[in-house]
Amino acid sequence: MLAGLLFDGADKHLTAEDLHGEALRAGRPVALATVYNSLHQFTEAGLLRKVIVDPGRLYFDTNTDDHHHIYHEDSGRLEDVGTDAVEVGALPPPPKGTRISRVDVTIRVSPAGGGA
């Protein structure tokens, strides 16, 4: 049931709470812990990507292709940005025994005129 809500053909950025709410609105009561466990299992299987926008805010992204994000601080909305729209400069060398597997860029935006 959760997979049906997640993978309906449209790319989505959802928190566990968002998906939990969708399930409840669909008349499918499910424990929030079950939603979290399912999202983590889908991620481990490579069906979702985690997007951490701050320590208390974790999104799950159904688009697993390489891409970046714009995070709207006022609404909490995430939107995709293609890798061709972002130019990443020089990166530090990875620690010994590791390799860079991916670079994720999250561009944080707020309403114009909203201060610093």
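Residues numbered from 1 in each chain as written. Predicted model: local features only at pLDDT ≥ 70, side-chain atom pairs only at ≥ 80, totals over all residues. Heavy atoms only, no water.

Draft legend 1. Inspection of a nonpolar patch on the surface at higher detail. Among the surface-exposed residues, Val88, Leu91, Ile100 and Val103 lie close enough to one another that they form a single nonpolar patch of about 290 Å² accessible area. By the secondary structure assignment, Val88 is in the loop between strand S5 (77-81) and strand S6 (106-109). Note on Val88: relative accessible area 39%, which makes it partly exposed. (Patch = residues over 30% accessible without salt bridge, like charges linked within 9 Å, V, L, I, M, F, W, Y side chains within 5 Å. Areas by Shrake-Rupley, 256 points an atom, 1.4 Å probe, with all protein chains shown as cover. Salt bridge = Lys/Arg side-chain N within 4 Å of Asp/Glu carboxyl O. Helix = DSSP H or I, 4+ residues; strand = E, 2+ residues; numbered from the N terminus. Buried < 20%, exposed > 50% of the residue type's maximum accessible area, 1.4 Å probe, protein only.)

Draft legend 2. Representation of the environment of Ile100 within the structure. Topologically, Ile100 is positioned in the loop between S5 and S6. Using a relative accessible area of 42% as the deciding quantity, one classes Ile100 as partly exposed. In this structure, Ile100 is in contact with Leu91, Pro92 and Pro94, ignoring residues within four places of it in sequence. (Contact = heavy atoms within 4.5 Å.)

Draft legend 3. A look at the nonpolar core. Counting residues in each nonpolar core, the largest one holds 13 residues, and the members touching the most others are Leu2, Leu6, Leu19, Val35, Leu39 and Leu48. Put simply, the parts of the chain that give this core at least two residues each are helix H1 (2-6), helix H2 (16-25) and helix H3 (32-44). If we ignore the near neighbours within four places in the chain, the residues touching Leu48 are Leu6, Phe7, Leu39, Phe42, Thr43, Phe60, Asp61, Thr62 and Thr64. (Core = buried A, V, L, I, M, F, W, Y, C linked by side-chain atoms within 4.5 Å.)

Draft legend 4. View of the environment of Ser101. Its place among the elements puts Ser101 in the loop between S5 and S6. Along the sequence, Ser101 and His13 sit 88 residues apart, while their C-alpha atoms lie 22 Å from each other.

Draft legend 5. Spatial organisation of the pairing of strand S3 (residues 57-61). Of the strand pairs in this sheet, strand S1 (residues 13-14) and S3 are connected by two bridges, and their pairing is antiparallel. When the sheet's bridge partners are listed, Leu14 is paired in S3 with Phe60. (Pairing = 2+ DSSP bridges.)

Draft legend 6. Quick peek at the sheet that holds S1. One open sheet holds the three strands; their spatial order is S1-S3-S2, and the pairing between them is antiparallel. Of all strands in the sheet, those bounded by a partner on one side alone are S1 and strand S2 (49-54). The sheet contact formed by S2 and S3 spans five bridges and is antiparallel. Each residue of the ladder has a partner; that of Lys50, found in S3, is Phe60. The strands that H3 touches are S2 and S3; relative to S3, the one it contacts most, it runs at about 55 degrees. (Axes fitted to C-alpha atoms, helices over the stretch in contact; angles between N-to-C directions.)

Draft legend 7. Structural view of the sheet that holds strand S4 (residues 68-72). One open sheet accounts for three strands, arranged S5-S4-S6; its pairing is mixed. Where the open sheet ends on each side, the last strands, each with one partner, are S5 and S6. Between one strand axis and the next, the sheet turns through 25 degrees on average, direction left out of account. Bridge analysis of S4 against S5 gives five bridges, and the strand direction is antiparallel. Counted as the bridge partner of His68 is Val81 from S5.

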